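The primary structure of each chain is shown beneath.
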Amino acid sequence: MVLAGGIGGARFLRGLKSAVPDADVTVIGNTGDDIHLFGLKVCPDLDTVMYTLGGGIHEGQGWGRADETFAVKEELAAYGVGPDWFGLGDRDFATHIVRTQMMSAGYPLSAVTEALCTRWQPGVRLLPMTDDRVETHVLIDTADLGESSQAGGEDGGKDSRKAIHFQEYWVRLRASVDAHAVVPVGAESAKPAPGVLDAIAEADVVLFPPSNPVVSVGTILAVPGIREAIADAGVPVVGLSPIVGGAPVSGMADKVLSAVGVEATAAAVAQHYGSGLLDGWLVDTVDADSTQAVEDAGIRCRAVPLMMTDTEATAAMAREALALAEEVRA
Ligand code: FO1
């Protein structure tokens, strides 16, 4: 069982599948990044896992489709219809049209995801964390955008904070301003999707890939029942650090970590998950000096190469994670 965000989670899964091709892998995918655009429901993290494992991903970007064209986006722009900052390609649009059509007909996201996967055959069972709507919002200072709020309000026109969708923060602003809070809106009343709690209960091991600990794995854990089920499953829970040498391997995890008061270090992320949840943690060899701090927090820790440079290097990481799981099980 693997909790996955987008690019990092998908690439890790490809390595895991290569390391243990015969294993039954269930993936709980983050849906907090989902966004409604042009009347369509877009599920970036589910799609990234599905396309990556199904052979349809744009390898260079790590998201979206290979051999993509952008005629629809150009036509929308010609009508002046935005947003223009989110790159939806023509092939990708088809996925969102099918998803939205099925959901409008009454199918829950979990059933729709299963249907989409019959085409892509990702070789894992991909479950959304929930069928309910959860949307991650990020609280920013309008002053940081160079926009002031209108004068005359209660604050006398002073700058203020506003919440924006995670994709706007990530893609439009490239996380260039500070995040003051990250809120998975709707998570508190969301229910785990059908099959999620059973899959956790039946798992031999739970892995946290080097995905974003706040907006990917953190959002999945924010769905009531999921964190508790993992902590109580009685099986090894092993994570891989997304922070190497004090910086995120990819993406902008440091920005959202600081919003939740966590330092961008491999050890601090392990402590953030905590020994109540994590049994084992892999840090990169450059962070070997932080293993003691993680062990002191009650989490078994090893330093191994953690750069997902290719499938073989990633498969080696997956083998290390599974070996650590066996070590903590013993
Ligand atoms: N990431 C970008 O950096 N720019 C984009 O325009 C963009 C569009 C996009 C469309 C569909 C999709 O499935 C993913 C897309 N992503 C894009 C990736 C996505 O924003 C994030 O990487 C994930 O949500 C974080 O896990």
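Since this is a predicted model, take the numbers as computed values, not measurements.

**Looking at the packing of helix 2 (residues 44–54) against helix 4 (residues 90–104)**
Link 1 in the chain: Close contact between helix 2 and helix 4 brings their axes to 12 Å; oriented N to C, the two are set at 120 degrees. Viewed along their axes, helix 2 and helix 4 adopt a mutual orientation that is oblique. Note that helix 2 runs across helix 4; the crossing there is right-handed. Contact with helix 2, carried on its side by Asp47, Met50 and Tyr51, involves Asp92, Thr95, His96 and Arg99 of helix 4 and no other residues of that element.
Link 2 in the chain: Residue classes in the contact of helix 2 with helix 4 are distributed as two nonpolar, two polar and three charged.

**What about the site of the ligand?**
Link 1 in the chain: Contacts to the ligand come from 14 residues, most closely from Asp33, Asp45, Gly87, Gln167 and Arg174.
Link 2 in the chain: In the model, an oxygen atom of the ligand is placed 3.2 Å from a nitrogen or oxygen of the Arg174 side chain.
Link 3 in the chain: Look at the ligand: alone it shows 530 Å² of surface, and the protein chains cover 91% of it.
Link 4 in the chain: Broken down by secondary-structure element, the contributors of at least two residues to the shell around the ligand are helix 2 and helix 7 (166–172).

**Looking at the packing of aromatic side chains**
Link 1 in the chain: For the structure on display, the rule yields six aromatic pairs.
Link 2 in the chain: With centroids separated by 5.2 Å and ring planes inclined at 65 degrees, the aromatic side chains of Tyr51 and Trp120 adopt a geometry described as edge-to-face. One end of the pair, Tyr51, is in helix 2; the other, Trp120, is in helix 5 (residues 109–120), and 69 residues separate them in sequence.
Link 3 in the chain: In this structure Trp120 comes out as buried when scored by relative accessible area, which is 10%.
Link 4 in the chain: One aromatic cluster is present, formed by Phe208, Tyr273 and Trp281 through successive ring pairs.
Link 5 in the chain: A cation over an aromatic ring shows up here: Arg65 above the ring of Tyr51, its NZ or CZ 5.5 Å from the ring centre.

**Examining the sheet that holds strand 6 (residues 135–141)**
Link 1 in the chain: Taken in spatial order, the three strands of this open sheet run 7-6-8, and their pairing is antiparallel. Where the open sheet ends on each side, the last strands, each with one partner, are strand 7 (161–165) and strand 8 (181–185). Within the sheet, the average angular offset between the axes of one strand and its neighbour, ignoring direction, is 30 degrees.
Link 2 in the chain: As judged from the five bridges shared by strand 6 and strand 7, these two strands associate in the antiparallel manner. Bridge pairing links Val138 to Ile164 in strand 7.

**With respect to unusual backbone geometry**
Link 1 in the chain: Of the consecutive residues Gly82 and Pro83, the connecting peptide bond is found in the cis state with omega at 5 degrees.
Link 2 in the chain: If you trace the backbone, Pro83 turns up in the loop between helix 3 (71–78) and helix 4.
Link 3 in the chain: One non-glycine residue, Gln121, adopts positive backbone phi at about 45 degrees.
Link 4 in the chain: As for its position among the elements, Gln121 is in the loop between helix 5 and strand 5 (125–128).
Link 5 in the chain: Given a relative accessible area of 58%, Gln121 falls into the exposed group.
Link 6 in the chain: Positive phi is not limited to glycine here, since Arg174 has a value of about 50 degrees.

**Quick word on the side chain of Asp287**
Link 1 in the chain: Inspection of the secondary structure assignment puts Asp287 in the loop between strand 13 (280–283) and helix 13 (291–296).
Link 2 in the chain: No salt bridge is formed by the buried Asp287. Its closest oppositely charged neighbour is Arg302, at 15 Å.

**With respect to the UniProt feature "binding site: 7,8-didemethyl-8-hydroxy-5-deazariboflavin" (unreviewed entry) in the protein**
Link 1 in the chain: Here, the residues flagged by UniProt with the feature "binding site: 7,8-didemethyl-8-hydroxy-5-deazariboflavin" (unreviewed entry) are Asp47.
Link 2 in the chain: Turning to its location among the elements, Asp47 is positioned in helix 2.
Link 3 in the chain: In contact with Asp47, not counting residues within four places along its chain, are Thr52, Asp92, Thr95, His96 and Arg99.

Rules and cut-offs
Residues numbered from 1 in each chain as written. Predicted model: local features only at pLDDT ≥ 70, side-chain atom pairs only at ≥ 80, totals over all residues. Heavy atoms only, no water. Axes fitted to C-alpha atoms, helices over the stretch in contact; angles between N-to-C directions. Helix = DSSP H or I, 4+ residues; strand = E, 2+ residues; numbered from the N terminus. Parallel < 35°, antiparallel > 145°, perpendicular 65-115°, else oblique. Left-handed = near helix turned anticlockwise from the far one by under 90°. Contact = heavy atoms within 4.5 Å. Nonpolar A, V, L, I, M, F, W, Y, C, P; charged D, E, K, R; others polar. Near = heavy atom within 4 Å. Polar contact = N/O pair within 3.5 Å; in protein donor to acceptor, adjacent residues only side chain to side chain. Areas by Shrake-Rupley, 256 points an atom, 1.4 Å probe, with all protein chains shown as cover. Phe/Tyr/Trp six-rings, centres within 6.5 Å; stacked < 30°, edge-to-face > 60°. Buried < 20%, exposed > 50% of the residue type's maximum accessible area, 1.4 Å probe, protein only. Lys NZ or Arg CZ within 6 Å of the ring centre and 35° of its normal. Pairing = 2+ DSSP bridges. Lys, Arg positive; Asp, Glu negative; His and termini not counted. Salt bridge = Lys/Arg side-chain N within 4 Å of Asp/Glu carboxyl O. UniProt positions renumbered as here; feature names shortened; annotations may be inferred.

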